[in-house]
Amino acid sequence: MNYDGVTPDIAEGLLVLKERIKAAKIPPSKLDETINLATWNVRELGKKPRRKAALYYIAEILNQFDLVGLVELRDNLADLKAVLEILGPDWRAIYSDAILDAGGNRERVAYLYDRRAVVFNGLAAEAQPPRQKKGSEYLSDISWWRSPYLASFRAGNFDFLCLTTHVRWGENEDERIVELKALADWVDAKANEKTGEDKDILVMGDFNIPSEKSPLFKAVSAKGLKIPDKLLQSTFGSNLEKNKRYDQILHLPIFKESFINAGGVLDFYAGNHKPLFKDLTKREFTYQLSDHLPLWVQINTDTDEQKLEQLIQG
């Protein structure tokens, strides 16, 4: 972390934030053995310039992880670049293009990662719903308002794909169900490609699903996607009130042992935003940090024994 330019007021806020980070009990990752993965809806980052303090707070939060999938990154990348400068030279970003119409909301998806722990494997692409020939054109039956963004990574000897998405809110839940079913079908098809990059697929982002008991969750998990056990065992939410699990980290259970360590949310709000921004209302605060909490899980990346066992079992 680069603390050049931190004022006494920002330093005071950072100390408060560090205490809240400690309360999340995020275990340190170990090179070639584990990584800490997170997803975060960082509310409209880039729509309006953040305060200097907010940029340091965001960087401090991101620095707890090795790989983060961000949603609601906007078309203007100035604040993202400022955050990366604070994080330091070992941090990298891969991001999608902004979708400028009302459905796309000028949003991007981004992956931020610490290159000391995670390697980008080369694939980065927006997911496309299946197309069928109709007349002289190849068209999809549905559209994703904000295209899920796919990228390939390696940590230790664990090669995996990340798919990060921001599912539409829409007029009602039925509209979301259609999109979530299509997402589940896409992941299933990707996992079964004969020439696919990897079978280990992590799906994360803001799904606008209120809980795991919702029909919306049944839709996205219909083809085998599961919540890591450490997240499933907890009842917390990822909104500031921690009563809605809008954000999710899901995986196909190929190597179940990869998700047994730890997981949760990082509660930077802790019921009171005033120690971080004394002059802001709660709503104003959410546009400086976010109205969502980062959801995280630790992943075991030392998978040699598991892979050898699978070879023996055929």
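What you see is a predicted model; the values in this text were computed from it and never measured.

A.B. asks: Can you tell me about the sheet that holds strand 9 (residues 158–166), naming the residues and giving the values?
C.D. replies: In any sheet, the strands associate via hydrogen bonds between backbone groups, in a parallel or an antiparallel arrangement. Strands sit in the order 5-8-9-10-11 across an open sheet of 5 strands; the sheet is mixed. Edge positions in the sheet fall to strand 5 (119–126) and strand 11 (247–251), since each of these pairs with one other strand and no more. Within this sheet the neighbouring strands show an average axis-to-axis angle of 20°, counted without direction. Pairing between strand 8 (residues 149–155) and strand 9: 7 bridges, direction antiparallel. When the sheet's bridge partners are listed, R154 is paired in strand 9 with D159. Sitting on the sheet, helix 4 (residues 173–191) touches strand 8, strand 9 and strand 10 (201–206), and the angle it makes with strand 9 is about 160°.

A.B. asks: Can you tell me about the environment of L163, naming the residues and giving the values?
C.D. replies: Residue placement: L163 occurs in strand 9. For L163, a relative accessible area of 0% translates into the label buried. When the C-alpha positions of L163 and L150 are compared, they lie 4.4 Å apart, and in sequence the two are 13 residues distant. Contact partners of L163, with chain neighbours within four places excluded, come to Y111, A127, P148, Y149, L150, L183, W186, V187, L202, V203 and M204.

A.B. asks: An account of the pairing of strand 7 (residues 137–140) is needed here, citing residue identities and associated values.
C.D. replies: Here strand 6 (residues 131–134) runs beside strand 7; their pairing, made up of 4 bridges, is antiparallel. Within the sheet, the bridge partner assigned to R131 lies in strand 7 and is S140. The loop that links strand 6 with its antiparallel partner strand 7 comprises 2 residues; one of these, G135, has a positive phi angle of about 70°.

A.B. asks: Quick rundown of the packing of aromatic side chains? Include the residues and the values.
C.D. replies: Per the counting criterion, the structure on display carries 12 aromatic pairs. Here Y57 and F277 contribute two aromatic rings whose centre-to-centre distance is 5.4 Å and whose plane-to-plane angle is 70°, an arrangement assigned as edge-to-face. One end of the pair, Y57, is in helix 2 (residues 52–62); the other, F277, is in the loop between strand 12 (263–265) and helix 7 (282–286), and 220 residues separate them in sequence. Under the relative-accessibility criterion, Y57 is labelled buried at 1%. Classification of F277 by relative accessible area gives buried; the value is 3%. Feature note: the residues Y111, Y113, F120, Y149, F153, F158 and F160 constitute an aromatic cluster, connected by ring pairs. Cation over ring: R43 sits above Y287, and NZ or CZ is 3.9 Å from the ring centre.

A.B. asks: Can you break down the environment of Y149 residue by residue, with the values?
C.D. replies: Structurally, Y149 is set in strand 8. Look at Y149 and you get buried, because its relative accessible area is 6%. What Y149 contacts, discounting residues up to four positions off in sequence, is I94, Y95, S96, V109, Y111, A124, A125, E126, C162, L163 and T164. Engagement of the side chain of Y149 in a polar contact is seen with the backbone oxygen of Y95, the distance being 3.2 Å.

A.B. asks: Kindly report on empty space enclosed by the protein, identifying the contributing residues and their values.
C.D. replies: In total, this model carries 2 cavities of 30 Å³ or more according to the counting rule given. Considered as a void within the structure, the largest cavity measures approximately 70 Å³ in volume. Counting residues per element, the ones that place at least two in the lining of the largest cavity are strand 2 (67–74), strand 4 (107–114) and strand 9. The element that contributes the greatest number of residues to the lining of the largest cavity is strand 4, accounting for 3 residues. The residue makeup of the lining of the largest cavity, split by class, is 3 nonpolar, 4 polar and 6 charged. The volume enclosed by the second largest cavity comes to roughly 50 Å³. Class assignment of the residues belonging to the lining of the second largest cavity gives a composition of 7 nonpolar, 2 polar and 1 charged.

A.B. asks: Account for the packing of helix 1 (residues 8–23) against helix 2, with residues named and values stated.
C.D. replies: For any two helices packed against each other, the geometry comes down to the angle between their axes and how far apart the axes lie. The contact between helix 1 and helix 2 brings their axes to 10 Å, and the two run at 30°. Between helix 1 and helix 2, the interaxial angle falls into the category roughly parallel. Viewed along their axes, helix 1 and helix 2 form a crossing whose handedness is right-handed. Of helix 2, the residues touching helix 1 (which contributes D9, I10, G13, L14, L17, K18 and I21) are K52, A53, Y56, Y57, E60 and I61. Among the residues forming the contact of helix 1 with helix 2, the class breakdown is 8 nonpolar, 1 polar and 4 charged.

A.B. asks: Help me get a handle on a negative patch on the surface, residues and values and all.
C.D. replies: Taken together, the side chains of D32, E33, D302 and D304 define an acidic patch exposed on the protein surface. With respect to the secondary-structure elements, E33 resides in the loop between helix 1 and strand 1 (34–45).

A.B. asks: Account for unusual backbone geometry, with residues named and values stated.
C.D. replies: One non-glycine residue, D32, lies in the positive phi region at around 65°. Within the element layout of this structure, D32 appears in the loop between helix 1 and strand 1. The phi dihedral of K242 is positive, around 60°, even though this residue is not glycine. The topology assignment puts K242 in the loop between helix 6 (229–232) and strand 11. The class for K242 is partly exposed, based on a relative accessible area of 33%.

Reading the values: the criteria
Residues numbered from 1 in each chain as written. Predicted model: local features only at pLDDT ≥ 70, side-chain atom pairs only at ≥ 80, totals over all residues. Heavy atoms only, no water. Pairing = 2+ DSSP bridges. Helix = DSSP H or I, 4+ residues; strand = E, 2+ residues; numbered from the N terminus. Axes fitted to C-alpha atoms, helices over the stretch in contact; angles between N-to-C directions. Contact = heavy atoms within 4.5 Å. Buried < 20%, exposed > 50% of the residue type's maximum accessible area, 1.4 Å probe, protein only. Phe/Tyr/Trp six-rings, centres within 6.5 Å; stacked < 30°, edge-to-face > 60°. Lys NZ or Arg CZ within 6 Å of the ring centre and 35° of its normal. Polar contact = N/O pair within 3.5 Å; in protein donor to acceptor, adjacent residues only side chain to side chain. 1 Å grid on protein atoms, 1.4 Å probe; cavity = no way out; pocket = protein on both sides within 12 Å on 5 of 7 lines; lining within 4 Å. Points joined across faces, edges and corners; volume = space filled by probe spheres on them. Nonpolar A, V, L, I, M, F, W, Y, C, P; charged D, E, K, R; others polar. Parallel < 35°, antiparallel > 145°, perpendicular 65-115°, else oblique. Left-handed = near helix turned anticlockwise from the far one by under 90°. Patch = residues over 30% accessible without salt bridge, like charges linked within 9 Å, V, L, I, M, F, W, Y side chains within 5 Å. Areas by Shrake-Rupley, 256 points an atom, 1.4 Å probe, with all protein chains shown as cover. Salt bridge = Lys/Arg side-chain N within 4 Å of Asp/Glu carboxyl O. Lys, Arg positive; Asp, Glu negative; His and termini not counted. Charge placed at Lys NZ, Arg CZ, Asp CG, Glu CD.

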